[in-house]
Amino acid sequence: MTVALIWAADRAGAIGSGNTIPWRVPEDQRRFRDLTSGHPVIMGRRTWDSLPPRFRPLPNRHNIVITRDASWSAEGATAVTDVDSALHLAQREDDTVVISGGEQIYALALPHADTLWVTDIDLEIDAPDAFAPAVTEADWETVADHGWQTSSTGIRYRYRDLARRG
Ligand SMILES: NC(=O)c1ccc[n+]([C@@H]2O[C@H](COP(=O)([O-])OP(=O)(O)OC[C@H]3O[C@@H](n4cnc5c(N)ncnc54)[C@H](OP(=O)(O)O)[C@@H]3O)[C@@H](O)[C@H]2O)c1
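Because the structure is predicted, anything quoted here is derived from the model rather than measured.

Draft legend 1. Spatial organisation of the site of the ligand. Around the ligand sit 27 residues in total, of which Ala8, Arg45, Arg46, Thr47 and Thr67 are the nearest. The backbone of Ile15 places a nitrogen or oxygen atom 3.0 Å from a nitrogen atom of the ligand. Protein coverage of the free-state accessible area of the ligand, which is 940 Å², stands at 87%. If you list the elements that add at least two residues to the shell around the ligand, you get strand E1 (2–9), strand E2 (14–16), helix H2 (45–50) and helix H4 (103–109).

Rendered as structure tokens:
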């Protein structure tokens, strides 16, 4: 059973600004698609809202959206009102469950996670207002560092896989 958090963050750990991701790294978008396809994906309602309508629901994935609003619904999404329900639902379907953000949902899900798929973005964005959770060397081991690469958009990026120690 794998519970993985996946995010891309700038040098300061920022993952977003103004409910959007202010960079474009198509290679990372493809990696996101490859790692999440076929698996249930859990996200916060604000992250769902941040997806361009033509990209949601994320195809070939069960989109599970966490909201406190029990009356919320959206075509192609399953709404749940807490993280435990989201994980329970997802783990009944698949051995691999992916948490795709944003800040609030990463923070709630981190204690349940054993895997982190991180993309380091070699930028410092303006006006960041959403951040990746802090992870420590004591709790998390880098098991793969794929090295720095340069995107077709000119942005440097690096993939790292982390596993929970112990
Ligand atoms: N760079 C990346 O990899 C990446 C990935 C994903 C998202 N992002 C960015 O992250 C930002 C969004 O993150 P965010 O932290 O603002 O929002 P979020 O985590 O996506 O969603 C927050 C929403 O989740 C629901 N929620 C939070 N805690 C809850 C709880 N305890 N019980 C039930 N529902 C709960 C609430 O929905 P309701 O208000 O409906 O009740 C809340 O407004 C955006 O900028 C987005 O672009 C970046």
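That shown, we press on.
Draft legend 2. Inspection of the pattern of salt bridges at higher detail. The full count for this structure, using the stated rule, is 10 salt bridges. Measuring nitrogen to oxygen at the nearest pair gives 3.1 Å for the salt bridge that ties Arg31 to Asp161. Placement of the pair is Arg31 in helix H1 (residues 26–36) and Asp161 in strand E10 (residues 156–164), with a sequence separation of 130 residues. Summarising the burial analysis for this pair, Arg31 and Asp161 share the class buried. Each of Arg11, Asp122, Glu124 and Arg156 takes part in one network of salt bridges that share partners.

Draft legend 3. Representation of the packing of aromatic side chains in the model. One pass over the full model with this rule turns up 3 aromatic pairs. Here Trp48 and Trp72 contribute two aromatic rings whose centre-to-centre distance is 6.1 Å and whose plane-to-plane angle is 90°, an arrangement assigned as edge-to-face. Note that Trp48 is positioned in helix H2 and Trp72 in the loop between strand E4 (63–66) and strand E5 (77–80), a separation of 24 residues in sequence. Exposure class is identical for Trp48 and Trp72. Each is buried. The ring of Trp148 carries the charged tip of Arg156 above its face, separated from the ring centre by 4.7 Å.

Draft legend 4. Structural context of the sheet that holds strand E3 (residues 41–44). Strand order in the open sheet formed by 8 strands is E5-E4-E3-E6-E1-E7-E10-E9, and the pairing between neighbours is mixed. Only two strands of the sheet have a single neighbouring strand rather than two, namely E5 and strand E9 (140–150). Strand-to-strand twist in this sheet, taken as the mean axis angle between neighbours without regard to direction, amounts to 20°. Contacting E1, E3, strand E6 (96–99), strand E7 (115–121), E9 and E10, H1 crosses the sheet at an angle of about 30° to E10. Packed onto the sheet, helix H3 (residues 83–93) meets E1, E3, E4, E5 and E6 and runs at close to 165° relative to E4.

Draft legend 5. A look at the pairing of E6. Going residue by residue along E6, you find Thr96 and Val98 tucked away on one face and Val97 and Ile99 tucked away on the opposite face as well. With 2 bridges joining them, E3 and E6 adopt parallel strand pairing. Across the sheet, Ile42 pairs through a bridge with Ile99, a residue of E6.

Draft legend 6. Just the nonpolar core, in detail. Of all hydrophobic cores here, the largest spans 27 residues; its most connected members are Leu5, Trp7, Ile42, Ile99 and Leu116. If you tally residues by element for this core, the top one is H3, at 5 residues. Contacts of Ile99, omitting those with residues within four sequence positions, involve Val3, Ala4, Leu5, Ile6, Ile42, Leu87, Ile105, Tyr106 and Ala109. The next biggest cluster of nonpolar side chains, apart from the first, holds 12 residues, and it includes Ala4, Trp48, Leu58 and Trp117.

About the cut-offs
- Residues numbered from 1 in each chain as written.
- Predicted model: local features only at pLDDT ≥ 70, side-chain atom pairs only at ≥ 80, totals over all residues.
- Heavy atoms only, no water.
- Near = heavy atom within 4 Å.
- Polar contact = N/O pair within 3.5 Å; in protein donor to acceptor, adjacent residues only side chain to side chain.
- Areas by Shrake-Rupley, 256 points an atom, 1.4 Å probe, with all protein chains shown as cover.
- Helix = DSSP H or I, 4+ residues; strand = E, 2+ residues; numbered from the N terminus.
- Salt bridge = Lys/Arg side-chain N within 4 Å of Asp/Glu carboxyl O.
- Buried < 20%, exposed > 50% of the residue type's maximum accessible area, 1.4 Å probe, protein only.
- Phe/Tyr/Trp six-rings, centres within 6.5 Å; stacked < 30°, edge-to-face > 60°.
- Lys NZ or Arg CZ within 6 Å of the ring centre and 35° of its normal.
- Pairing = 2+ DSSP bridges.
- Axes fitted to C-alpha atoms, helices over the stretch in contact; angles between N-to-C directions.
- Contact = heavy atoms within 4.5 Å.
- Core = buried A, V, L, I, M, F, W, Y, C linked by side-chain atoms within 4.5 Å.

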